[in-house]
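An overview of the molecular structure
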Amino acid sequence: MSAKSEMRIRILDEAVRIISSQGERSLRLRDVARGIGISEPTLYHYFDNRDSLVVAALAHRYRQELSATIDPFVPAVRKCTSKPEFIAILQKVYTDSFRPERTAIRMTRAEVVTSAFVRESLRDEIKSIMMESLAPSIEALQIARERGWLPSGIDVRAFALLNLSLISGRIFPEIQDDPDLLANWDALAISAVTALIS
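For the structure given in this document, a descriptive report is provided here. (Residues numbered from 1 in each chain as written. Predicted model: local features only at pLDDT ≥ 70, side-chain atom pairs only at ≥ 80, totals over all residues. Heavy atoms only, no water.)

Bringing the overall build of the protein chain into the picture now. Broken down by element type, the protein chain carries 11 helices and zero strands. Helices (α) and strands (β) of the protein chain occur, in sequence order from the N terminus, as α-α-α-α-α-α-α-α-α-α-α. In terms of overall dimensions, the protein chain has C-alpha extents of about 60 × 40 × 25 Å along its principal axes. Summarising the internal contacts of the protein chain: among those between residues at least 6 apart in sequence, 68% fall at separations of at least 24. Surface summary for the protein chain: the accessible area is close to 10600 Å², and the carbon and sulfur share equals 56%. (Helix = DSSP H or I, 4+ residues; strand = E, 2+ residues; numbered from the N terminus. Contact = heavy atoms within 4.5 Å. Areas by Shrake-Rupley, 256 points an atom, 1.4 Å probe, with all protein chains shown as cover.)

Below, the structure written as structure tokens:
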């Protein structure tokens, strides 16, 4: 990685840290620069203005947190040898993703996607990141379909997005602060996906 790329990542990581701890409105270019030991004018070699940094930081944050969900799934499916094993892998992705410590990741996704509706440049970036990040999962799901573990009528892109939507959408029952509702929602989501592919 080039020195310029490394510096850009350092800037984005610091911006993400500030946004995560203090909120997007608290992000100041001088604070980002100070946090990584560069001058504020140096930031302008990497980003045109505050908004371009915010968009890039939100996209960077989204990419990092999306990979936390997707990355374990792909190698597991590639090593898979049977439909019951494939179903167990999919169920494990859900149970791992539904752990309470993953709530912050879902909340971040919701924040970024919400922000994307009012920022066209972020929306375009998120669409690109989403499809780029899902590409290995889509490829793994295609392998599963070729092996007969997914019904032939299921569009693997739509199925990948459905899974991401169910995992990310868990924030709705989480907000209710009702453990019984949450447990029932988890069971329903896993049962629905299992029934869809059985």
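Moving on, we come to the nonpolar core. If you look at the biggest cluster of nonpolar residues, it comprises 60 residues, and the most contacted ones within it are Ile11, Leu53, Phe73, Phe86 and Leu150. At 10 residues, helix H4 (residues 50-70) tops the list of elements feeding residues into this core. (Core = buried A, V, L, I, M, F, W, Y, C linked by side-chain atoms within 4.5 Å. Buried < 20%, exposed > 50% of the residue type's maximum accessible area, 1.4 Å probe, protein only.)

A word on the packing of aromatic side chains. By convention here, two paired aromatic rings are described through the distance between centres and the angle between planes. Overall, the coordinates contain three aromatic pairs when judged by the stated rule. Both rings, one in tyrosine 94 and one in phenylalanine 98, keep their centres 5.5 Å apart while their planes meet at 65 degrees; by these two values the pair is edge-to-face. Overall, the relative accessible area of 1% leaves tyrosine 94 in the buried class. Joined through ring pairs, the aromatic side chains of Tyr94, Phe98 and Trp185 make up one cluster. Taking the ring centre of tyrosine 46 as reference, the NZ or CZ of lysine 4 above it sits at 5.5 Å. (Phe/Tyr/Trp six-rings, centres within 6.5 Å; stacked < 30°, edge-to-face > 60°. Lys NZ or Arg CZ within 6 Å of the ring centre and 35° of its normal.)

Moving on to the side chain of glutamate 14. Structurally, glutamate 14 can be placed in helix H1 (residues 3-22). Glutamate 14 has contacts with Asp31, Val32, Gly35 and Ile36, leaving out every residue within four places of it along the chain.

Now for the packing of helix H8 (residues 120-146) against helix H9 (residues 156-168). Running from N to C, H8 and H9 point in directions that differ by 120 degrees, and their axes come no closer than 9 Å. Handedness of the H8/H9 crossing: right-handed. Here H8 contributes Met130, Leu134, Ile138, Leu141, Gln142 and Arg145 to the contact with H9, which in turn contributes Val156, Arg157, Phe159, Ala160, Leu161 and Leu164. Split into classes, the residues belonging to the contact of H8 with H9 amount to nine nonpolar, one polar and two charged. (Axes fitted to C-alpha atoms, helices over the stretch in contact; angles between N-to-C directions. Left-handed = near helix turned anticlockwise from the far one by under 90°. Nonpolar A, V, L, I, M, F, W, Y, C, P; charged D, E, K, R; others polar.)

Backbone geometry places aspartate 177, a non-glycine residue, at a positive phi of 60 degrees. Tracing the backbone shows aspartate 177 in the loop between helix H10 (171-175) and helix H11 (179-197).

Attention now goes to the packing of helix H7 (residues 103-116) against H8. Where H7 meets H8, the axes come as close as 7 Å, and the angle between the chain directions of the two elements is 130 degrees. The pairing of H7 with H8 is recorded here as oblique in orientation. Contacts between H7 and H8 involve Val112, Ser115 and Ala116 from the first element and Glu120, Leu122, Arg123 and Ile126 from the second. Among the residues making up the contact of H7 with H8, the classes are represented as four nonpolar, one polar and two charged. (Parallel < 35°, antiparallel > 145°, perpendicular 65-115°, else oblique.)

To continue, consider H8. Spanning 27 residues, H8 covers 37 Å between terminal C-alpha atoms, matching the ideal 39 Å at 1.5 Å per step. Its maximal kink placed at alanine 135, H8 deviates by approximately 40 degrees, while the proline proline 136 follows within four residues. Taken as a whole, H8 has its buried residues at Leu122, Ile126, Ile129, Met130, Ser133, Leu134, Ser137, Ile138, Ala140, Leu141, Ile143 and Ala144. For H8, the secondary structure elements touched by its buried residues are H4, helix H5 (73-79), helix H6 (83-97), H7 and H9. (Expected span 1.5 Å × (residues − 1). Bend = angle between axes of the 7 residues up to and from the residue.)

Next up on the list: the environment of valine 113. Mapped onto the secondary structure, valine 113 falls in helix H7. Residues valine 113 and alanine 192, 79 residues apart in the sequence, show an inter-C-alpha distance of 25 Å.

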